[in-house]
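Inside the fold
Take a look at the letters that make up each chain.
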Amino acid sequence: MLGDHRAFPWLLLLLQHSAWAVLRVSVPSSPIRASPFSTPRLPCNFSDSPRSINLGILAVTWKRGTETIAQYAGGFQVFRPGAEMSEERLRVGDASLLLPQLKEADAGLYTCLVIFTPDKGEGSFELKLEVEPHIELGPTKLQLAREGAVTCTVSGFYPGNVSVEWLKDGAVVKGPQASVHRENQSGLYQASSTLELTPGVADANANFSCQVRHQSLEGPLKENFQLQLQEVLECLVSGFYPQDVQVHWLQNGMPQRQVESKPQILPNGTFDMQSILRPKEKDLGVIYICQVQHKSWDNPLQMTAHWQPEGGIMLLMAYMKGKNKSYPDTKSKDCLNSESAERALKPSNECDSLM
């Protein structure tokens, strides 16, 4: 009985302690991300209110998986080179671990185990060496009917596996692919992908996207854009036979540099072709003439246009009468026929009256 009587106060003391002293260990939500070669401090805070912290009854152990990285029990032991804890921080409940010059091997599940006799607590989180990418687009101003390219640069990401693809109106038109290289000092990666295209009129209002997938992202990262197509004058000659035809752009009687397509045969056996002129921005109000010569005519046909770009694409449509007459659909286009020589550019709803 005497032995039982003496043990009772100690049991009561332990019961009282468990009722009012609770060790709380706080770590960040998982995962946390860091860059390679960075020196992060892995947070771990503890409190055992209302007791003040006594280093004599405190022990702290940091583990990565099952491997001990560092520990404190009256003194420090470090098993990962460069890892640090601070007694000054421990006195205020901060058991954070400093990890200099992170490497791929440092990634993993970390556990901060705190023993503040007689209490014990721990917290765990995953450390990932990941950095989200950033997207930057190159110039999106292209010229109609001329080969061009838009470049998408993806930078500052880690690790180096990345997927880049191009979308037009939500549909993939190129990819996934990318050219990846590592940046010199930071240890991060950079990739670039190029969309090569020859813009048509329909591309003026299309919605394009550079879309990036990377393991650091919860979903794909997109940069949306529309092409800024340089305004042009287009002279379309259609329904002629034979295929030999000459198309010239003139300004004050002087030939202008132009881009021509080869004559293409139509289902009815006649041909069509187009000629594109790219006026300079400073040439606002300049008068241009599209002149068409064909063996079926004694004199060339020509049409006059005043260059008045308004942020869109001007189309100058010329329909010739050859030996086999053929008139394509003229909806949403401007038109010219053999009776409309030197006529100003006319809206599409007047095309039928010219025929």
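Residues numbered from 1 in each chain as written. Predicted model: local features only at pLDDT ≥ 70, side-chain atom pairs only at ≥ 80, totals over all residues. Heavy atoms only, no water.

Some words on the sheet that holds strand β19 (residues 221-225)
- Spatially, β15-β14-β18-β19 is the arrangement adopted by the four strands of the open sheet, whose pairing is antiparallel. Looking at which strands have only one partner, the edges of the open sheet turn out to be β15 (171-174) and β19. Within the sheet, the average angular offset between the axes of one strand and its neighbour, ignoring direction, is 35°.
- Sheet topology places strand β18 (residues 208-213) next to β19; five bridges connect them, and they run antiparallel. Looking at β19, one finds that Ser-209 is bridged to Asn-224. (Pairing = 2+ DSSP bridges. Helix = DSSP H or I, 4+ residues; strand = E, 2+ residues; numbered from the N terminus. Axes fitted to C-alpha atoms, helices over the stretch in contact; angles between N-to-C directions.)

Things to note about the nonpolar core
- In terms of nonpolar packing, the biggest core is built from 54 residues, with Leu-42, Val-60, Trp-62, Leu-97 and Val-114 touching the most fellow members.
- With 18 residues, the next largest nonpolar core counts Leu-277, Val-286, Tyr-288 and Trp-297 among its residues. (Core = buried A, V, L, I, M, F, W, Y, C linked by side-chain atoms within 4.5 Å. Buried < 20%, exposed > 50% of the residue type's maximum accessible area, 1.4 Å probe, protein only.)

Digging into the packing of aromatic side chains
- Scanning all chains against the criterion turns up nine aromatic pairs.
- On the numbers, 4.8 Å between centres and 50° between planes, the contact of Tyr-72 with Phe-76 is tilted.
- Arranged with centres 6.2 Å apart and planes meeting at 90°, the rings of Trp-166 and Phe-225 form a pair that is edge-to-face. Of the two residues, Trp-166 is situated in strand β14 (residues 163-168) and Phe-225 in strand β19; the sequence distance between them amounts to 59 residues.
- For Phe-225, a relative accessible area of 9% translates into the label buried.
- Following the ring pairs from residue to residue traces out a cluster consisting of Trp-62, Tyr-110 and Phe-125. (Phe/Tyr/Trp six-rings, centres within 6.5 Å; stacked < 30°, edge-to-face > 60°.)

Details of the confidence of the model for the protein
- Looking at the protein, the pLDDT average stands at 81 and 80% of residues meet or exceed 70.
- Contacts for the low-pLDDT stretch residues 1-20, under 50 throughout, to residues beyond four places or in other chains number six contacts.
- Every residue in residues 315-355 scores below 50 in pLDDT, and together they form 104 contacts with partners more than four places removed in sequence or on other chains. (pLDDT = per-residue confidence, 0-100. Contact = heavy atoms within 4.5 Å.)

Some details on the pattern of salt bridges
- Counting across every chain of the model gives nine salt bridges.
- Between Arg-64 and Asp-106 there is a salt bridge whose closest N-O contact spans 3.9 Å. Highlighted residues: Arg-64 in strand β5 (residues 58-64) and Asp-106 in the loop between β8 (97-98) and β9 (108-116), separated in sequence by 42 residues.
- On the accessibility criterion, Asp-106 (5% relative accessible area) is buried.
- A salt bridge links Arg-213 to Glu-165, with the nearest nitrogen and oxygen atoms 3.6 Å apart. With Arg-213 in strand β18 and Glu-165 in strand β14, this residue pair connects regions lying 48 residues apart in the sequence.
- Residue Arg-213 is classed as partly exposed on the basis of its relative accessible area of 43%.
- When its relative accessible area of 9% is taken as the criterion, Glu-165 is described as buried.
- Salt bridges sharing partners connect three or more residues here, namely Arg-64, Glu-67, Arg-80 and Asp-106. (Salt bridge = Lys/Arg side-chain N within 4 Å of Asp/Glu carboxyl O.)

Quick look at the sheet that holds strand β23 (residues 254-255)
- Overall, antiparallel pairing links the four strands, which are arranged β23-β22-β27-β28 in an open sheet. Each having just a single partner strand, β23 and β28 (301-306) make up the two edges of the open sheet.
- Bridge count between strand β27 (residues 287-293) and β28: six bridges; the pairing is antiparallel. Residue pairing in the sheet places Ile-287 in a bridge with His-306 of β28.

Brief notes about the pairing of strand β22 (residues 246-251)
- Of the strand pairs in this sheet, β22 and β27 are connected by five bridges, and their pairing is antiparallel. Within β27, the residue paired with Val-247 across the bridge is Val-292.
- Pairing geometry for β22 and β23, over two bridges, is antiparallel. Pairing of Leu-250 across the sheet is with Pro-255, part of β23.
- Linking β22 to β23, which pair antiparallel, is a turn of two residues; within it Asn-252 sits at a positive phi near 55°.

Some thoughts on unusual backbone geometry
- With an omega of 0°, the peptide bond between Ser-30 and Pro-31 qualifies as cis.
- Within the secondary structure, Pro-31 sits in the loop between β1 (24-26) and β2 (32-34).
- Each neighbour pair has its own omega, and for Gly-175 with Pro-176 the value is 5°, a cis peptide bond.
- The phi angle at Gln-101 is positive, at roughly 50°, despite the residue not being glycine.

Comments concerning the state of the cysteines
- Here the structure, examined in full by the defined rule, presents three disulfides.
- Sulfur-sulfur distance for the disulfide between Cys-44 and Cys-112 comes to 2.0 Å. Because the sign of the S-S torsion sets the handedness, a value of about -80° for the bond joining Cys-44 and Cys-112 places this disulfide among the left-handed ones. Of this pair, Cys-44 sits in the loop between β3 (41-42) and β4 (45-47) while Cys-112 is found in strand β9, placing the two residues 68 residues apart along the sequence.
- Between the sulfur of Cys-152 and that of Cys-210 lies a disulfide, 2.0 Å long from S to S. (Disulfide = S-S within 2.5 Å.)

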